[in-house]
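Now for the letters of each chain:
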Amino acid sequence: MGVYKTIMTVLLAAASVLASVDASTATEKPAKELFGAVKLPSRSTPETYGFYSKGCISGAVAIPTDGPTWQAMRLSRNRRWGHPQMISLLERLSRDAAQYDGWPGLLLGDISQPRGGPMLSGHASHQVGLDADIWLTPMPSRTLSAKEREDISATSMLKKNTFLTVDPSIWTPAHAAVIMRAASYPEVERIFVNPAIKKKLCETWSGERSALGKVRPYYGHDYHFHVRIKCPADSAGCKEQAAVPAGDGCGKDLAWWFTDEPWAPPKKDPNAKPAPKPKPARLADLPKACARVLDAPGPASEAEVTLGNGFTPTVAAIGAGAVSTFADLPARVPIPMARPSGDE
């Protein structure tokens, strides 16, 4: 009996050491590696934690690869996940834009990783399942292949070799309509577009302008527009962004983007010491709940948490004011084919 106790004590001590080593390794790894390695969401109530650029999400769901009025792009990235309210909004926008705005369907870019968090490449935001990129290229009339979804590039709205000017041969009233349609939804908090696109909207939009202030100019965003929704009412750990200023945003704030200041390289002090290279965020830098989200059990398969495959979130998860038509989807919505390895 004494020998048995001694052996068990040694084994337990060894297990404790290994667990502490694993925990230490996880603590030291960049958070983007931890969250980027997870293939499925946590099987739990949808909830967001932290800010759009510093947080995570539990209970995320995936939008199907294909719907009647959308197709998901860059499937290898595994970024079709979001809060049910975000997924519901994308599905609704795709239908409304097709019905009312002459926009045949959405090509969907990145939403979020299965459990949110920092991404291995690309965005600083998109961490809490409340952001989504929508290409400014309309959906084609045919279903794109997996290879095409990886290889096709979105179309820039800017005129080549011209400073911040929308190309009139590419831009159409339907581009303006789909952006303003998204801005009109009350749950949308902000929409990011290139300053030239914002200027174009300010100059030409003749419809209701009360939501134009939500459309914010920012670097890039000439190939796609970025939709951000408000924190869900039942996500107490979600950190809201400051409200957009009053007005349509077509005044001095927009004019600043057409000066030299936003594009000038930062001034360097020749006597200053080189700044240390910023370290990537660690798990400890995120809200404490994100460690639990990362460790939580997941579903048995992707199909279980893909809307349209027999899974429908509760009204509370979607949002009482939202209108969801997931019941109208085909009985079996296709999920992605085998994903190529790697990432752009």
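Going along each chain's sequence as written, the residues are numbered from 1 onward. Only residues with pLDDT of 70 or above have their local features reported here, since the model is predicted, and side-chain atom pairs are shown and tallied only from 80 upward, although totals for entire chains, interfaces and linings are computed over all residues. Heavy atoms throughout the structure, all of them, feed into the side-chain values; hydrogens and water do not.

**Things to note about the packing of helix 3 (residues 84-100) against helix 5 (residues 173-184)**
Working note: a packed helix pair is described by the angle between its axes plus the distance between those axes.
Stage number 1. Where helix 3 meets helix 5, the axes come as close as 10 Å, and the angle between the chain directions of the two elements is 135 degrees. Overall, the two elements helix 3 and helix 5 adopt an arrangement that is oblique. Crossing hand, helix 3 versus helix 5: right-handed. For the pair helix 3 and helix 5, the contacting residues are Leu93, Asp96, Ala97 and Tyr100 in the first and Val178, Arg181 and Ala182 in the second.
Stage number 2. Grouping the constituent residues of the contact of helix 3 with helix 5 by class yields five nonpolar, no polar and two charged. The angle between two axes is taken between their N-to-C directions and runs from 0 to 180 degrees, where each axis is a line fitted to C-alpha atoms and a helix contributes only its stretch in contact. Helical segments are the DSSP runs of H or I of at least four residues, strand segments are the runs of E of at least two, and each set is numbered from the N terminus. An angle below 35 degrees is treated as roughly parallel, one above 145 as roughly antiparallel, one from 65 to 115 as roughly perpendicular, and anything else as oblique. Crossing handedness is defined as follows: a turn of the near helix away from the far one that is anticlockwise and smaller than a right angle gives a left-handed crossing, while the clockwise case is right-handed. Contacts: residue pairs with any heavy atoms within 4.5 Å of one another. Here the nonpolar group is Ala, Val, Leu, Ile, Met, Phe, Trp, Tyr, Cys and Pro; Asp, Glu, Lys and Arg are the charged ones; every other residue, Gly included, is treated as polar.

**Some points on the packing of aromatic side chains**
Stage number 1. Between rings of Phe, Tyr and Trp, where Trp is taken as its six-membered ring, a pair exists when centres lie within 6.5 Å; planes separated by under 30 degrees are stacked, by over 60 edge-to-face, and by other angles tilted. Applying the stated criterion across every chain, the model contains ten aromatic pairs.
Stage number 2. Taken together, a centroid distance of 5.3 Å and an interplanar angle of 80 degrees make the contact between Phe51 and Tyr52 edge-to-face.
Stage number 3. When a residue's accessible area, from a 1.4 Å probe over protein chains only, is under 20% of the maximum for its type it is buried; when over 50% it is exposed; and in between it is partly exposed. Take Phe51: its relative accessible area is 23%, and that puts it in the partly exposed class.
Stage number 4. An aromatic cluster is defined as three or more aromatic residues linked by ring pairs; in this entry it consists of Phe163, Phe192, Tyr218, Tyr219, Trp256, Trp257, Phe258 and Trp263.
Stage number 5. Two thresholds decide whether a charge sits over a ring: the Lys NZ or Arg CZ must be within 6 Å of the ring centre and within 35 degrees of the ring normal. Directly above the ring of Tyr185 sits Arg92, whose terminal nitrogen or CZ lies 4.5 Å from the centroid.
Stage number 6. When the ring centre of Phe258 is taken as origin, the NZ or CZ atom of Lys199, which lies over that ring, is 5.9 Å away.

**Topic: the pairing of strand 11 (residues 224-229)**
Stage number 1. Among the six residues in strand 11, six count as buried, and that is most of the element.
Stage number 2. When DSSP locates at least two bridges between a pair of strands, those strands are taken to pair. Bridge count for strand 9 (residues 188-193) against strand 11 is four bridges, and the pairing is antiparallel. The partner of Ile191 across the bridge, within strand 11, is Val227.

**With respect to helix 5**
Stage number 1. The terminal C-alpha atoms of helix 5, which comprises twelve residues, lie 16 Å apart, in line with the 16 Å expected from a rise of 1.5 Å per residue.
Stage number 2. Burial runs high along helix 5: nine of the twelve residues are buried.
Stage number 3. Looking at the buried side of helix 5, the elements it contacts are helix 3, strand 7 (106-108), strand 9, helix 6 (195-204), strand 10 (215-217) and strand 11. By definition here, a helix of n residues has an expected span of 1.5 Å times n minus one.

**Brief notes about unusual backbone geometry**
Stage number 1. The backbone of His126 sits at a positive phi, close to 60 degrees, despite the residue not being glycine.
Stage number 2. Along the chain, the position of His126 falls in the loop between strand 7 and strand 8 (131-135).

**Some details on the state of the cysteines**
Stage number 1. Pairs of cysteine sulfur atoms within 2.5 Å are identified as disulfides in what follows. The final tally for this structure, using the stated rule, is three disulfides.
Stage number 2. Between Cys202 and Cys250 runs a disulfide, and the two sulfur atoms are separated by 2.0 Å. Handedness of the Cys202-Cys250 disulfide follows from its S-S torsion of about -85 degrees: it is left-handed. Of this pair, Cys202 sits in helix 6 while Cys250 sits in the loop between strand 11 and helix 7 (252-256), and the two are 48 residues apart along the sequence.
Stage number 3. In this structure Cys202 comes out as buried when scored by relative accessible area, which is 14%.
Stage number 4. Judged by its relative accessible area of 26%, Cys250 falls in the partly exposed class.
Stage number 5. At a sulfur-sulfur separation of 2.1 Å, the disulfide partner of Cys231 is Cys238. Across the S-S bond linking Cys231 and Cys238, the dihedral sits near -70 degrees, which makes this disulfide left-handed.

**Structural notes on helix 6**
Stage number 1. Buried within helix 6 we find Pro195, Ala196, Ile197, Lys198, Leu201 and Cys202.
Stage number 2. Next to the buried residues of helix 6 lie helix 5, strand 9, strand 10 and helix 7.
Stage number 3. Two N or O atoms count as a polar contact when they lie within 3.5 Å, although within protein this holds only if one can serve as hydrogen donor and the other as acceptor, and sequence-adjacent residues are included solely when both atoms are side-chain atoms. The opening residue of helix 6 is Asn194, an N-cap whose side-chain oxygen sits 2.9 Å from the backbone nitrogen of Ala196.

**A few points about the nonpolar core**
Stage number 1. Put simply, a nonpolar core is a bunch of buried Ala, Val, Leu, Ile, Met, Phe, Trp, Tyr and Cys residues held in one set by side-chain atoms that sit within 4.5 Å of each other. Judged by nonpolar contacts, the single largest core of 49 residues is most densely connected at Ile179, Ile191, Ile197, Leu201, Phe225 and Val227.
Stage number 2. With seven residues, the top contributor of residues to this core is helix 5.
Stage number 3. Setting aside chain neighbours within four positions, we find Leu201 in contact with Trp171, Ala176, Ile179, Met180, Arg209, Leu212 and Val215.
Stage number 4. Ala31, Leu283, Leu286 and Cys290 belong to the second-largest nonpolar core, a separate cluster that totals twelve residues.

In short, geometric facts, not functional conclusions.
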